[in-house]
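# Secondary and tertiary structure notes
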Amino acid sequence: QVHLVESGGGLVQAGGSLRLSCVASGSRDSMHTMGWYRQAPGKERELVARIFGGGMTEYADYVKGRFTISGDHVNNIVDLQMNSLKPKDTAVYFCNAYSATRGREYWGQGTQVTVSS
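Residues numbered from 1 in each chain as written. Predicted model: local features only at pLDDT ≥ 70, side-chain atom pairs only at ≥ 80, totals over all residues. Heavy atoms only, no water.

## Re the overall build of the chain
What the chain contains, in helices and strands, is zero helices and eleven strands. Taken from N to C terminus, the helices and strands of the chain fall in the order β-β-β-β-β-β-β-β-β-β-β. Relative to its length of 117 residues, the chain is compact, with a C-alpha radius of gyration of 14 Å against a globular reference of 13 Å. Principal axes of the C-alpha set define a box for the chain whose edges measure 45 × 25 × 20 Å. Out of the 117 residues in the chain, the part that is buried amounts to 40%. Within the chain, counting contacts between residues at least 6 apart in sequence, those at least 24 apart form 54% of the total. Carbon and sulfur atoms provide 47% of the accessible area of the chain, an area that totals close to 6200 Å². A gap of 2 Å separates the mean positions of the 12 positive and 10 negative side-chain charges of the chain. (Helix = DSSP H or I, 4+ residues; strand = E, 2+ residues; numbered from the N terminus. Rg over C-alpha atoms; globule rule 2.2 N^0.38 Å. Buried < 20%, exposed > 50% of the residue type's maximum accessible area, 1.4 Å probe, protein only. Contact = heavy atoms within 4.5 Å. Areas by Shrake-Rupley, 256 points an atom, 1.4 Å probe, with all protein chains shown as cover. Lys, Arg positive; Asp, Glu negative; His and termini not counted. Charge placed at Lys NZ, Arg CZ, Asp CG, Glu CD.)

Here's what the structure looks like:
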């Protein structure tokens, strides 16, 4: 059974940095796509960034130039380096992965990121 295990959330002051990491354990196959979504209180879950198997990346406009996603699709690891954090980046961040082989999508349990002003 595939599980996404996240780490790296926490509390940081505005302007600071955090690094999130996620590994998809229990999968013998490489994930086609891995990425991060976030959900703030009272808001919909939204895409932050994702990386495809060929290395192509996609970012939400509000994180371009501040966040960098990197991935190791052989070992099913995805990291998100978050710099110049703002209070509005406060949210629960969820790791997401899609297996083209299985035709299934997986979610982590989420990790809290809090940015104080």
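Moving on from the model shown.
## Examining the sheet that holds strand 7 (residues 67-72)
Reading across from one edge, 1-3-8-7 is the order of the four strands in this open sheet, with antiparallel pairing throughout. Either end of the sheet is taken by a strand with one partner, and the two such strands are strand 1 (3-7) and strand 7. The mean angle between the axes of side-by-side strands here comes to 15°, regardless of whether they run parallel or antiparallel. (Pairing = 2+ DSSP bridges. Axes fitted to C-alpha atoms, helices over the stretch in contact; angles between N-to-C directions.)

## Quick word on the state of the cysteines
Tallied over the entire structure, the rule returns one disulfide. Note on cysteine connectivity: Cys-22 is disulfide-linked to Cys-95, with sulfurs 2.1 Å apart. Of note, the bridge from Cys-22 to Cys-95 carries an S-S torsion of about -85° and is left-handed in sense. Pair noted here: Cys-22 is in strand 3 (residues 18-25) and Cys-95 is in strand 9 (residues 91-99), with a separation of 73 residues, a long-range link. Relative accessible area serves as the criterion here: at 1%, Cys-22 is assigned to the buried category. (Disulfide = S-S within 2.5 Å.)

## Considering the pairing of strand 1
Along strand 1, the buried face is formed by Leu-4 and Glu-6; none of His-3, Val-5 and Ser-7, which line the opposite face, is buried. Across five bridges, the pairing between strand 1 and strand 3 is antiparallel. Note that in strand 3 the partner of Ser-7 across the bridge is Ser-21.

## Some words on the pattern of salt bridges
Enumeration according to the criterion identifies seven salt bridges in this entry. Of the charged contacts in the structure, one is a salt bridge between Glu-46 and Arg-38, with a shortest N-O distance of 3.0 Å. What you see here is one network of salt bridges that share partners, running through Arg-38, Glu-46, Arg-66 and Asp-89. (Salt bridge = Lys/Arg side-chain N within 4 Å of Asp/Glu carboxyl O.)

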